[in-house]
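Residue-level structure breakdown
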Amino acid sequence: DTAVSQTPKYLVTQMGNDKSIKCEQNLGHDTMYWYKQDSKKFLKIMFSYNNKELIINETVPNRFSPKSPDKAHLNLHINSLELGDSAVYFCASSRRGYEQYFGPGTRLTVT
Amino acid sequence: GQNIDQPTEMTATEGAIVQINCTYQTSGFNGLFWYQQHAGEAPTFLSYNVLDGLEEKGRFSSFLSRSKGYSYLLLKELQMKDSASYLCAAPFGSGYNKLIFGAGTRLAVHP
């Protein structure tokens, strides 16, 4: 009965590859998010969707493309991976304006 | 603009009380969140203050002063398992979905 789940948990890949991370929530929330946490542990918002509509799009390279097929799912596709993309990516969900619940994170390592 | 500051590291002794401070400067105030993040895990919600004063929740309490742009998290009867990072965060934007996080305070509890 996991609330927010992400796959994969670990992802090791080479520069230039394209990869996707998937997120699902079963909390009935209407808003989902992607965050990036870098090596200094700074957590920064990347994207947010409300009812499948993109509502937050921070200054993120356009190699990153989120997609929300429905309210319970938010995926993140990354093209042409670079070394600097190495980080932990967290998915989160909430009712709009309320506390956010985070998934376990995907640790991406680009070599 | 938005700016959130908190100390980088703190240490405390098991059984003691510790106060973790957070100051913020925002163009609009929509409340303040505290999250706990254990190493290698996801952030988990601790508290949300939108009005001035102290909110108590078991061993953890959170205080807010909107006029001073200041909040603190108070942890009582410290346990070893309280060793974690504590993240202060403020919501912005339409629907208050955009959470801006401080860099986090890494708390180490010693026997």
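Our structure is the block above this text.
So, here's what we can say about the structure.

Rules behind the numbers
Throughout this document, residue positions are counted from 1 along each chain, in the order its sequence is written. Whichever chain is written first is A, and whichever ligand is written first is 1; the rest continue in order. Residue-level local features of this predicted model are given only where pLDDT is at least 70; pairs of side-chain atoms are given and counted only at 80 or more, and the full residue set underlies all totals for whole chains, interfaces and linings. Here the side-chain values reflect all heavy atoms present in the structure, with hydrogen atoms and water set aside. Residues are treated as being in contact if the distance between any of their heavy atoms lies within 4.5 Å. By convention, the term buried area covers the 1.4 Å-probe accessible surface removed from two parts as they join, with the contributions of both added. Salt bridges are defined by distance alone: a side-chain nitrogen of Lys or Arg within 4 Å of a carboxyl oxygen of Asp or Glu. Numbered from the N terminus, helices here are DSSP runs of H or I no shorter than four residues, and strands are runs of E no shorter than two. Amino acid classes used here: Ala, Val, Leu, Ile, Met, Phe, Trp, Tyr, Cys and Pro are nonpolar; Asp, Glu, Lys and Arg are charged; the rest, including Gly, are polar. Exposure is judged per residue with a 1.4 Å probe applied to protein chains only, and the accessible area is read against the type maximum: over 50% gives exposed, under 20% gives buried, and values in between give partly exposed. Only strands joined by at least two bridges in the DSSP assignment are considered to pair. Buried Ala, Val, Leu, Ile, Met, Phe, Trp, Tyr and Cys residues that are joined via side-chain atoms within 4.5 Å together make up what is termed a nonpolar core. Our working definition of a disulfide is a cysteine sulfur pair at a distance within 2.5 Å. The convention used is that axes are lines fitted to C-alpha atoms, helices contributing only their stretch in contact, and that angles between N-to-C directions extend from 0 to 180 degrees.

**A few points about the interface of chain B and chain A**
Taken together, the contact between chain B and chain A spans 17 residues of the former and 21 residues of the latter. A combined buried area of about 1,500 Å² lies between chain B and chain A, and 56% of that area is made up of carbon and sulfur atoms. When the buried surface of chain B facing chain A is broken down by residue, B:Asn97, B:Lys98 and B:Phe101 rank first, second and third, together holding 35% of it. For the pair chain B and chain A, the number of links is 1 salt bridge. Note that A:Glu58 and B:Lys98 form a salt bridge whose closest N and O atoms lie 3.1 Å from each other. Elements with a contribution of two residues or more to the side of chain B that touches chain A: strand E4 (32-37) and strand E10 (98-101) of chain B. Here the residues of the side of chain B that touches chain A are counted per class, giving 10 nonpolar, 5 polar and 2 charged.

**Looking at the pairing of strand E8 (residues 70-75) of chain B**
Residues and elements named next belong to chain B. Across the 6 residues that make up E8, a large majority, 5, are buried. Pairing analysis gives 6 bridges linking strand E7 (residues 60-65) to E8, with the strands arranged antiparallel. Counterpart to Leu64 in the pairing with E8 is Ser71.

**Details of the nonpolar core**
Grouped together as the largest cluster of nonpolar side chains are 22 residues, with contacts concentrated most on B:Leu32, B:Trp34, B:Leu75, B:Tyr86 and B:Leu107. Listed by contribution, the elements that provide at least two residues to this core are strand E3 (18-25), E4, E7, E8, strand E9 (84-92) and strand E11 (105-110) of chain B. Per-element accounting of this core gives the leading share, 5 residues, to E9(B). Filtering out sequence-adjacent residues up to four positions away, B:Leu107 remains in contact with B:Met10, B:Thr11, B:Ala12, B:Val18, B:Leu75, B:Leu78, B:Asp82, B:Ser83, B:Ala84 and B:Tyr86. In this structure, A:Met32, A:Met46, A:Leu76 and A:Cys91 belong to the second largest nonpolar core, which totals 19 residues.

**What about the state of the cysteines?**
Residues and elements named next belong to chain A. Enumeration according to the criterion identifies 2 disulfides over all chains in this entry. Cys23 shares a disulfide with Cys91; S-S distance 1.9 Å. With the S-S bond torsion at -75°, the cross-link from Cys23 to Cys91 turns out left-handed. With Cys23 in strand E3 (residues 19-25) and Cys91 in strand E9 (residues 87-94), this residue pair connects regions lying 68 residues apart in the sequence. There is no split in this pair, since Cys23 and Cys91 are both buried.

**Let's talk about the sheet that holds strand E6 (residues 53-57) of chain B**
The strands making up a sheet are joined through hydrogen bonds of the backbone, oriented either antiparallel or parallel. All names here are of chain B. Ordered in space as E1-E3-E8-E7-E6, the 5 strands form an open sheet in which the pairing is antiparallel. Only two strands of the sheet have a single partner each, and these edge strands are strand E1 (3-5) and E6. Looking at each pair of strands side by side, their axes are set apart by 15° on average, direction ignored. Pairing of E6 with E7, which is carried by 5 bridges, proceeds in the antiparallel orientation. Its bridge partner lying in E7, Glu55 is registered against Ser62.

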